[in-house]
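Next come the chains, spelled out residue by residue.
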Amino acid sequence: AQSVAQPEDQVNVAEGNPLTVKCTYSVSGNPYLFWYVQYPNRGLQFLLKYITGDNLVKGSYGFEAEFNKSQTSFHLKKPSALVSDSALYFCAVRPIYSSASKIIFGSGTRLSIRP
Amino acid sequence: GAGVSQSPRYKVAKRGQDVALRCDPISGHVSLFWYQQALGQGPEFLTYFQNEAQLDKSGLPSDRFFAERPEGSVSTLKIQRTQQEDSAVYLCASSPGGGGSYNEQFFGPGTRLTVL
(Lines give C-alpha, C1' and ligand atoms only; values in the text may rest on other atoms or scores of the structure.)
Protein backbone atom coordinates (compact mmCIF):
# COMPACT_ATOMS: atom_id res chain seq x y z
CA ALA A 1 0.00 0.00 0.00
CA GLN A 2 1.17 3.53 -0.72
CA SER A 3 1.56 5.76 2.29
CA VAL A 4 3.27 8.77 3.81
CA ALA A 5 4.40 8.98 7.42
CA GLN A 6 5.11 12.11 9.38
CA PRO A 7 6.31 10.69 12.69
CA GLU A 8 6.12 13.92 14.68
CA ASP A 9 2.76 15.50 15.44
CA GLN A 10 4.52 18.65 16.66
CA VAL A 11 7.96 20.20 16.32
CA ASN A 12 9.04 23.07 18.57
CA VAL A 13 12.00 25.24 17.61
CA ALA A 14 13.40 28.53 18.85
CA GLU A 15 13.50 31.38 16.38
CA GLY A 16 16.81 31.53 14.56
CA ASN A 17 17.56 27.83 15.03
CA PRO A 18 17.52 25.30 12.21
CA LEU A 19 14.39 23.20 11.81
CA THR A 20 13.64 19.77 10.36
CA VAL A 21 10.22 18.25 9.72
CA LYS A 22 10.45 14.56 8.95
CA CYS A 23 8.69 12.58 6.22
CA THR A 24 9.06 9.01 5.01
CA TYR A 25 7.09 7.36 2.24
CA SER A 26 6.20 3.99 0.83
CA VAL A 27 5.27 3.69 -2.84
CA SER A 28 5.71 1.26 -5.69
CA GLY A 29 8.37 2.62 -7.98
CA ASN A 30 9.74 6.13 -7.98
CA PRO A 31 7.79 8.98 -6.43
CA TYR A 32 7.00 12.59 -6.95
CA LEU A 33 7.25 14.24 -3.53
CA PHE A 34 5.71 17.45 -2.27
CA TRP A 35 5.55 19.66 0.80
CA TYR A 36 2.56 21.88 1.52
CA VAL A 37 1.93 24.33 4.35
CA GLN A 38 -1.45 25.18 5.86
CA TYR A 39 -2.09 28.37 7.79
CA PRO A 40 -5.25 28.72 9.94
CA ASN A 41 -8.45 29.13 7.91
CA ARG A 42 -6.52 28.99 4.66
CA GLY A 43 -6.00 26.36 2.00
CA LEU A 44 -2.84 24.39 1.54
CA GLN A 45 0.00 26.25 -0.11
CA PHE A 46 2.66 24.53 -2.18
CA LEU A 47 6.21 24.83 -0.81
CA LEU A 48 8.37 22.59 -2.98
CA LYS A 49 8.54 19.35 -4.92
CA TYR A 50 11.00 16.67 -5.95
CA ILE A 51 10.62 15.32 -9.47
CA THR A 52 14.04 14.10 -10.52
CA GLY A 53 17.66 15.20 -10.52
CA ASP A 54 19.35 16.95 -7.63
CA ASN A 55 18.31 15.39 -4.33
CA LEU A 56 18.25 18.78 -2.60
CA VAL A 57 15.35 20.93 -3.72
CA LYS A 58 14.74 24.52 -2.73
CA GLY A 59 11.33 26.07 -2.33
CA SER A 60 9.38 29.02 -1.04
CA TYR A 61 10.16 31.02 2.11
CA GLY A 62 13.70 29.63 2.40
CA PHE A 63 12.62 26.02 2.85
CA GLU A 64 14.45 23.10 1.29
CA ALA A 65 14.05 19.34 1.34
CA GLU A 66 16.38 16.44 0.71
CA PHE A 67 15.26 13.34 -1.15
CA ASN A 68 16.94 10.20 0.16
CA LYS A 69 16.00 7.18 -1.91
CA SER A 70 17.72 4.59 0.27
CA GLN A 71 15.94 5.82 3.36
CA THR A 72 12.72 6.66 1.47
CA SER A 73 12.68 10.04 3.17
CA PHE A 74 11.98 13.62 2.15
CA HIS A 75 12.67 15.76 5.21
CA LEU A 76 11.83 19.47 5.15
CA LYS A 77 14.51 21.83 6.44
CA LYS A 78 15.23 25.48 7.01
CA PRO A 79 18.53 26.88 8.29
CA SER A 80 17.01 29.62 10.46
CA ALA A 81 13.41 29.47 11.67
CA LEU A 82 11.08 32.45 11.83
CA VAL A 83 8.05 32.86 14.10
CA SER A 84 5.98 33.28 10.92
CA ASP A 85 6.92 29.72 9.91
CA SER A 86 4.55 28.43 12.59
CA ALA A 87 1.92 26.42 10.73
CA LEU A 88 0.82 22.90 9.80
CA TYR A 89 3.05 21.12 7.31
CA PHE A 90 2.05 18.22 5.08
CA CYS A 91 4.25 15.87 3.11
CA ALA A 92 2.66 14.24 0.06
CA VAL A 93 3.63 11.61 -2.50
CA ARG A 94 2.50 10.48 -5.94
CA PRO A 95 3.94 7.47 -7.73
CA ILE A 96 5.41 8.48 -11.07
CA TYR A 97 3.63 5.76 -12.97
CA SER A 98 0.23 6.32 -11.45
CA SER A 99 -2.30 6.97 -14.15
CA ALA A 100 -4.12 9.54 -12.10
CA SER A 101 -2.77 12.65 -10.47
CA LYS A 102 -4.00 11.58 -7.04
CA ILE A 103 -1.54 12.36 -4.28
CA ILE A 104 -1.37 10.87 -0.82
CA PHE A 105 -0.88 13.16 2.16
CA GLY A 106 0.69 12.53 5.51
CA SER A 107 -1.13 13.36 8.71
CA GLY A 108 0.69 16.65 9.16
CA THR A 109 3.23 18.12 11.57
CA ARG A 110 2.50 21.26 13.53
CA LEU A 111 5.55 23.49 13.58
CA SER A 112 5.76 25.97 16.45
CA ILE A 113 8.50 28.59 16.46
CA ARG A 114 8.98 30.40 19.75
CA PRO A 115 10.45 33.92 19.81
CA GLY B 1 -8.93 36.54 -8.18
CA ALA B 2 -6.55 34.10 -9.74
CA GLY B 3 -6.80 31.35 -7.15
CA VAL B 4 -9.16 28.47 -6.49
CA SER B 5 -12.36 29.58 -4.79
CA GLN B 6 -14.90 27.54 -2.89
CA SER B 7 -18.37 28.31 -1.62
CA PRO B 8 -19.83 28.36 0.87
CA ARG B 9 -16.93 28.68 3.28
CA TYR B 10 -19.03 27.28 6.10
CA LYS B 11 -22.09 25.07 5.96
CA VAL B 12 -24.18 23.75 8.81
CA ALA B 13 -26.62 21.01 7.92
CA LYS B 14 -29.06 18.95 9.90
CA ARG B 15 -28.56 15.23 9.65
CA GLY B 16 -30.39 13.92 6.62
CA GLN B 17 -30.18 17.12 4.61
CA ASP B 18 -28.55 17.30 1.19
CA VAL B 19 -25.69 19.75 0.64
CA ALA B 20 -23.88 21.06 -2.43
CA LEU B 21 -20.36 22.45 -2.31
CA ARG B 22 -18.97 24.50 -5.18
CA CYS B 23 -15.45 24.82 -6.51
CA ASP B 24 -14.18 27.34 -9.05
CA PRO B 25 -10.75 26.21 -10.22
CA ILE B 26 -8.04 28.34 -11.72
CA SER B 27 -9.03 29.18 -15.29
CA GLY B 28 -7.59 26.76 -17.80
CA HIS B 29 -6.61 24.10 -15.29
CA VAL B 30 -7.30 20.66 -16.69
CA SER B 31 -7.30 18.69 -13.46
CA LEU B 32 -9.62 19.14 -10.50
CA PHE B 33 -9.55 17.24 -7.23
CA TRP B 34 -11.75 16.98 -4.16
CA TYR B 35 -10.35 16.06 -0.77
CA GLN B 36 -11.87 15.53 2.66
CA GLN B 37 -9.89 16.74 5.66
CA ALA B 38 -10.99 15.61 9.08
CA LEU B 39 -9.89 17.57 12.13
CA GLY B 40 -6.23 16.96 12.86
CA GLN B 41 -5.68 14.85 9.77
CA GLY B 42 -4.20 15.25 6.33
CA PRO B 43 -6.43 15.65 3.28
CA GLU B 44 -7.82 12.40 1.92
CA PHE B 45 -8.53 12.03 -1.78
CA LEU B 46 -12.15 11.79 -2.84
CA THR B 47 -12.30 12.18 -6.61
CA TYR B 48 -10.46 13.49 -9.68
CA PHE B 49 -11.61 15.12 -12.91
CA GLN B 50 -9.68 15.68 -16.09
CA ASN B 51 -11.71 18.33 -17.86
CA GLU B 52 -15.30 17.09 -17.60
CA ALA B 53 -14.38 13.41 -17.23
CA GLN B 54 -14.39 11.92 -13.76
CA LEU B 55 -11.42 9.58 -14.05
CA ASP B 56 -11.13 8.46 -10.45
CA LYS B 57 -13.81 8.34 -7.79
CA SER B 58 -12.21 5.67 -5.68
CA GLY B 59 -12.08 7.89 -2.59
CA LEU B 60 -15.78 8.68 -2.36
CA PRO B 61 -16.83 7.09 0.94
CA SER B 62 -20.33 6.06 -0.08
CA ASP B 63 -22.93 6.41 -2.80
CA ARG B 64 -24.28 9.44 -0.92
CA PHE B 65 -21.33 11.40 -2.34
CA PHE B 66 -21.54 12.59 -5.91
CA ALA B 67 -19.36 15.02 -7.86
CA GLU B 68 -19.67 16.59 -11.27
CA ARG B 69 -17.83 18.99 -13.54
CA PRO B 70 -20.15 19.18 -16.55
CA GLU B 71 -18.33 21.83 -18.59
CA GLY B 72 -14.81 21.10 -17.47
CA SER B 73 -14.59 24.13 -15.23
CA VAL B 74 -16.74 24.62 -12.10
CA SER B 75 -17.29 21.50 -10.01
CA THR B 76 -19.91 20.61 -7.44
CA LEU B 77 -19.60 18.02 -4.70
CA LYS B 78 -22.98 16.86 -3.48
CA ILE B 79 -23.62 14.93 -0.33
CA GLN B 80 -27.03 13.38 0.10
CA ARG B 81 -28.65 12.52 3.42
CA THR B 82 -25.75 13.95 5.40
CA GLN B 83 -24.50 12.08 8.45
CA GLN B 84 -22.48 13.36 11.40
CA GLU B 85 -19.41 11.53 10.15
CA ASP B 86 -19.50 13.72 7.04
CA SER B 87 -18.44 16.70 9.16
CA ALA B 88 -15.07 17.80 7.80
CA VAL B 89 -13.38 20.42 5.66
CA TYR B 90 -13.82 19.72 1.96
CA LEU B 91 -10.92 20.97 -0.12
CA CYS B 92 -10.86 21.52 -3.84
CA ALA B 93 -7.62 21.72 -5.81
CA SER B 94 -6.77 22.29 -9.45
CA SER B 95 -3.70 21.62 -11.51
CA PRO B 96 -2.71 22.67 -15.03
CA GLY B 97 -1.61 19.24 -16.20
CA GLY B 98 -3.59 16.14 -16.95
CA GLY B 99 -3.23 12.69 -15.46
CA GLY B 100 0.33 11.61 -14.92
CA SER B 101 1.74 15.09 -14.62
CA TYR B 102 3.99 16.21 -11.80
CA ASN B 103 2.42 19.62 -11.42
CA GLU B 104 1.65 20.78 -7.94
CA GLN B 105 -1.96 21.30 -6.98
CA PHE B 106 -3.43 24.66 -6.08
CA PHE B 107 -5.88 24.48 -3.22
CA GLY B 108 -8.93 26.50 -2.36
CA PRO B 109 -9.68 27.64 1.21
CA GLY B 110 -12.09 24.79 1.79
CA THR B 111 -15.69 24.44 2.92
CA ARG B 112 -16.16 23.50 6.56
CA LEU B 113 -19.22 21.25 6.80
CA THR B 114 -20.80 20.63 10.18
CA VAL B 115 -23.61 18.11 10.40
CA LEU B 116 -25.74 18.37 13.52
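Residues numbered from 1 in each chain as written. Chains lettered and ligands numbered in written order. Predicted model: local features only at pLDDT ≥ 70, side-chain atom pairs only at ≥ 80, totals over all residues. Heavy atoms only, no water.

Caption draft 1: Geometry of the overall build of chain A. Helix and strand content of chain A: 0 helices and 12 strands. Traced from its N-terminal end to its C-terminal end, chain A shows the element sequence β-β-β-β-β-β-β-β-β-β-β-β. Taking 115 residues into account, the globule formula puts the C-alpha radius of gyration at 13 Å, and chain A, at 14 Å, falls close to it. When its C-alpha atoms are laid out on the principal axes, chain A stretches across 45 × 30 × 20 Å. Taking all 115 residues of chain A together, the buried fraction comes to 49%. Across chain A, every contact between residues at least 6 apart in sequence was considered, and the portion connecting residues at least 24 apart equals 57%. (Helix = DSSP H or I, 4+ residues; strand = E, 2+ residues; numbered from the N terminus. Rg over C-alpha atoms; globule rule 2.2 N^0.38 Å. Buried < 20%, exposed > 50% of the residue type's maximum accessible area, 1.4 Å probe, protein only. Contact = heavy atoms within 4.5 Å.)

Caption draft 2: Representation of the state of the cysteines within the structure. Residues and elements named next belong to chain A. Applying the stated rule across the entire model yields 2 disulfides over all chains. Disulfide partner of C23: C91, at an S-S distance of 2.0 Å. For the disulfide bridge between C23 and C91, the dihedral angle about the S-S bond is near -65°, and by the sign convention the bridge is left-handed. Separated by 68 residues along the polypeptide, C23 in the loop between β3 (19–21) and β4 (24–26) and C91 in strand β10 (residues 87–95) bring together distant segments of the chain. (Disulfide = S-S within 2.5 Å.)

Caption draft 3: A look at the interface of chain B and chain A. Each side of the interface is counted separately: chain B has 26 residues, and chain A has 22 residues. Looking only at chain B, the three residues that lose the most surface to chain A are B:Y102, B:E104 and B:F107, adding up to 29% of its buried area. Summed over the shared surface of chain B and chain A, the number is 1 salt bridge. Across the pair A:K49 and B:E104 runs a salt bridge whose closest N-O atoms are separated by 2.9 Å. Taken together, the links from chain B to chain A amount to 3 residue pairs in polar contact (both at pLDDT 80 or more). Counting residues per element, the ones that place at least two in the side of chain B that touches chain A are β4 (31–37) and β5 (44–50) of chain B. (Buried area = accessible area lost by both parts, 1.4 Å probe. Salt bridge = Lys/Arg side-chain N within 4 Å of Asp/Glu carboxyl O. Polar contact = N/O pair within 3.5 Å; in protein donor to acceptor, adjacent residues only side chain to side chain.)

Caption draft 4: Focus on the sheet that holds strand β3 (residues 19–24) of chain B. Residue and element names in this part refer to chain B. The antiparallel open sheet is built from 4 strands, whose spatial order is β1-β3-β8-β7. With one partner strand each, in any of the chains shown, β1 (5–7) and β7 (65–68) form the two edges of the open sheet. Between one strand axis and the next, the sheet turns through 15° on average, direction left out of account. Here β7 runs beside strand β8 (residues 75–79); their pairing, made up of 4 bridges, is antiparallel. (Pairing = 2+ DSSP bridges. Axes fitted to C-alpha atoms, helices over the stretch in contact; angles between N-to-C directions.)

Caption draft 5: Geometry of the side chain of A:H75. All names here are of chain A. With respect to the element layout, H75 can be found in strand β9 (residues 73–78). Reaching out from H75, the side chain makes a polar contact with the backbone nitrogen of C23 at a distance of 3.0 Å. Excluding its chain neighbours within four sequence positions, the residues that come into contact with H75 are T20, V21, K22, C23, T24, W35, E64, A65 and E66.

Caption draft 6: Region of the structure containing the nonpolar core. The biggest cluster of nonpolar side chains holds 29 residues, and the ones touching the most others in it are A:L19, A:W35, A:L47, A:L48, A:F74, A:L76 and A:Y89. Those elements that provide at least two residues to this core are β2 (10–14), β3, β5 (31–38), β6 (44–50), β8 (64–68), β9, β10 and β12 (109–114) of chain A. Per element, the largest residue contribution to this core is 4 residues, and it comes from β10(A). In contact with A:Y89, not counting residues within four places along its chain, are A:Q6, A:W35, A:Y36, A:V37, A:L47, A:F63, A:L76, A:G108, A:T109 and A:L111. Counting residues in hydrophobic clusters, the runner-up holds 20 residues, among them B:V4, B:L21, B:C23 and B:C92. (Core = buried A, V, L, I, M, F, W, Y, C linked by side-chain atoms within 4.5 Å.)

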